[in-house]
Amino acid sequence: MERASRWWITESCSISPDARLGIGRRLRHRQGVGGGAWGRRAEAARADAASGDDIAALVATAKTAFGGIDIAVTTPGINIRKRIFDYSEAEFDRVVDLNLKGTFFFFQAVGQVMVEQGAGSIIASSSIRAMTIEPGLAVYGATKAAISLLVKGFAAEVGPHGVRVNAIAPSVIETPLTGPIKARPDIYQTYARHTVLNRWGAASEVASAVAYLASDAASYVTGSTMLIDAGWMAVDGPPTGLTQTAPS
């Protein structure tokens, strides 16, 4: 019999190529959260994902409603695609506040609950842009690289208390927010060709990886950032055609 778990998932908008709107929805569907035939209960609340006070209040609400938090997933993220020369301080702060500070506040609030109960799994959202970049994504990429390091550090701090901390790093994922890219076939195909599988990913494929990290199947996995990138980071770009890959 499957052990019942107390999930808490945050999600918001992102306008980067690895936008995650819809992944939380897919994850809830995959895990059967929300009632229906599974007979489970779900609640929703609105909060500013960049506000430490709002996140702390939301965690307190979740703890009261469910008696604890076993699994916590945070996906909010934003990118303002501009050159560093063109960034204003307000734009820089907006990206850093949501992507990095929001994750930091999330770790603090959820981590405290899990340390007190002696168990839990936290999953944050990094990106392949933490490791490889293109013009206009420097600030976004810096926040995602920082999240991966934050995961390592926090995992080391809470691991002795039975809490695991990991992150996911998607590449190009089809969501409603990447629709504008799909509307430009040349750009869409350029991104697709950068993957070994020559296609974009689905939100459900990211949700499957999150479900794995959240589950007991990943009980010995912590401090890691899992690539969900169809080989994007394994190769140095689209095929040149110099070597034939099809069977002869």
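Residues numbered from 1 in each chain as written. Predicted model: local features only at pLDDT ≥ 70, side-chain atom pairs only at ≥ 80, totals over all residues. Heavy atoms only, no water.

Asks: Help me understand helix H4 (residues 138-158) in this model?
Replies: Two residues of an α-helix separated by three or four positions point the same way, owing to the 3.6 residues in each turn. The terminal C-alpha atoms of H4, which comprises 21 residues, lie 30 Å apart, in line with the 30 Å expected from a rise of 1.5 Å per residue. The inward-facing, buried residues of H4 abut helix H3 (89-117), strand S3 (120-125), strand S4 (163-170) and strand S7 (225-228). (Helix = DSSP H or I, 4+ residues; strand = E, 2+ residues; numbered from the N terminus. Expected span 1.5 Å × (residues − 1). Contact = heavy atoms within 4.5 Å.)

Asks: Before we go on, may I ask you to explain helix H2 (residues 52-66) in this structure?
Replies: When the terminal C-alpha atoms of H2 are compared, their 21 Å separation across 15 residues agrees well with the 21 Å that a helix rising 1.5 Å per residue should span. With its phi angle positive at about 80 degrees, Gly67 sits one or two positions after the end of H2.

Asks: Would you take a moment to explain the confidence of the model for the protein chain for this structure?
Replies: Segments scoring low in pLDDT should not have their predicted coordinates read at a detailed level. Residues with a pLDDT of 70 or more make up 84% of the protein chain, whose mean pLDDT is 85. Counting contacts from residues 11-38, a segment whose pLDDT is below 50, to residues more than four positions away or on other chains yields 85 contacts. (pLDDT = per-residue confidence, 0-100.)

Asks: I'm lost on a nonpolar patch on the surface in this one. Help?
Replies: On the surface, Met131, Leu227 and Met233 cluster together into a nonpolar patch covering about 250 Å² of accessible area. Take Met131: it is sitting in the loop between S3 and H4. For Met131, a relative accessible area of 45% translates into the label partly exposed. (Patch = residues over 30% accessible without salt bridge, like charges linked within 9 Å, V, L, I, M, F, W, Y side chains within 5 Å. Areas by Shrake-Rupley, 256 points an atom, 1.4 Å probe, with all protein chains shown as cover. Salt bridge = Lys/Arg side-chain N within 4 Å of Asp/Glu carboxyl O. Buried < 20%, exposed > 50% of the residue type's maximum accessible area, 1.4 Å probe, protein only.)

Asks: What should I look at first to understand the packing of H2 against H3 in this one?
Replies: In a packed pair of helices, the relevant descriptors are the angle between the two axes and the axis-to-axis distance. Here H2 crosses H3 at 30 degrees, and the two axes come no closer than 9 Å. When the axes of H2 and H3 are compared, the pair comes out roughly parallel. Two packed elements cross with a definite hand, and for H2 against H3 that hand is right-handed. Between H2 and H3, the contacting residues are Gly52, Ile55, Ala56, Val59 and Lys63 on the first element and Gly102, Phe105, Phe106, Ala109, Val110, Val113 and Glu116 on the second. Grouping the amino acids of the contact of H2 with H3 by side-chain chemistry returns eight nonpolar, two polar and two charged. (Axes fitted to C-alpha atoms, helices over the stretch in contact; angles between N-to-C directions. Parallel < 35°, antiparallel > 145°, perpendicular 65-115°, else oblique. Left-handed = near helix turned anticlockwise from the far one by under 90°. Nonpolar A, V, L, I, M, F, W, Y, C, P; charged D, E, K, R; others polar.)

Asks: I would appreciate a short explanation of the pairing of strand S2 (residues 71-74) in the present structure.
Replies: Successive side chains on a regular strand alternate, one facing one side of the sheet and the next facing the other. Both faces of S2 are covered, namely the face carrying Ile71 and Val73 and the face carrying Ala72 and Thr74. By the bridge criterion, three bridges tie S2 to S3 in an arrangement that is parallel. Bridging across to S3, Val73 finds its partner in Ile123. Handedness of the crossover is the feature at issue here: the chain leaves S2, passes through H3, returns alongside S3, and the resulting connection is right-handed. (Pairing = 2+ DSSP bridges. Right-handed = clockwise from strand over helix to strand, strands pointing away.)

Asks: What exactly am I supposed to notice about the packing of aromatic side chains here?
Replies: Any two aromatic rings considered together are summarised by their centre-to-centre distance and by the angle between their planes. Under the criterion given, the structure shown has five aromatic pairs. Between the aromatic rings of Tyr188 and Trp200, the centroid separation amounts to 4.8 Å while the plane-to-plane angle is 10 degrees, which identifies the pairing as stacked. Taken as a pair, Tyr188 in helix H6 (residues 185-193) and Trp200 in the loop between H6 and strand S6 (201-202) lie far apart in primary sequence, 12 residues in all. Both residues of the pair, Tyr188 and Trp200, count as buried. Among the aromatic residues, those joined into a cluster by ring pairs are Tyr188, Tyr191, Trp200 and Trp232. (Phe/Tyr/Trp six-rings, centres within 6.5 Å; stacked < 30°, edge-to-face > 60°.)

Asks: Explain the environment of Arg193 here, please?
Replies: Locating Arg193 in the fold gives a position in helix H6. The exposure class assigned to Arg193 is partly exposed, which follows from its relative accessible area of 39%. Note: C-alpha distance between Arg193 and Pro238 (45 residues apart in sequence) is 5.2 Å. Every residue in contact with Arg193, bar those within four places of it in the chain, is listed here: Asn198, Pro238 and Pro239.

Asks: What should I look at first to understand the packing of H3 against H4 in this one?
Replies: In the contact formed by H3 and H4, the axes pass within 10 Å of each other and the chain directions differ by 15 degrees. One finds that H3 runs roughly parallel with respect to H4. Our pair here, H3 against H4, has a crossing hand that is right-handed. Of the residues in H4, those in contact with Phe92, Val95, Val96, Asn99, Leu100, Thr103, Phe104, Phe107, Gly111 and Val115 of H3 are Val139, Tyr140, Thr143, Lys144, Ala146, Ile147, Leu150, Val151, Phe154 and Val158. Of the residues contributing to the contact of H3 with H4, the split by class is 15 nonpolar, four polar and one charged.

Asks: Can you walk me through the nonpolar core in this structure?
Replies: A general trend in soluble globular proteins is that nonpolar side chains are found buried together. Grouped together as the largest cluster of nonpolar side chains are 22 residues, with contacts concentrated most on Ile69, Phe107, Val110, Ile122 and Val165. Every element with two or more residues in this core is listed here: H2, H3, S3, H4 and S4. Top contributing element to this core by residue count: H3, with seven residues. Sequence-distant contacts of Val165, defined by excluding residues within four places in its chain, comprise Phe107, Ile122, Val151, Phe154, Ala155, Val158, Thr222, Gly223 and Ser224. (Core = buried A, V, L, I, M, F, W, Y, C linked by side-chain atoms within 4.5 Å.)

Asks: Honestly, the environment of Ile147 in this entry has me stumped. Any pointers?
Replies: Relative to the assigned elements, Ile147 resides in helix H4. In sequence terms Ile147 and Asn166 are 19 residues apart; their C-alpha atoms lie 9.9 Å from each other. Ignoring any residue separated from it by four or fewer positions in sequence, one finds Ile147 in contact with Asn99, Leu100, Thr103, Ala124, Ser125 and Ser126.

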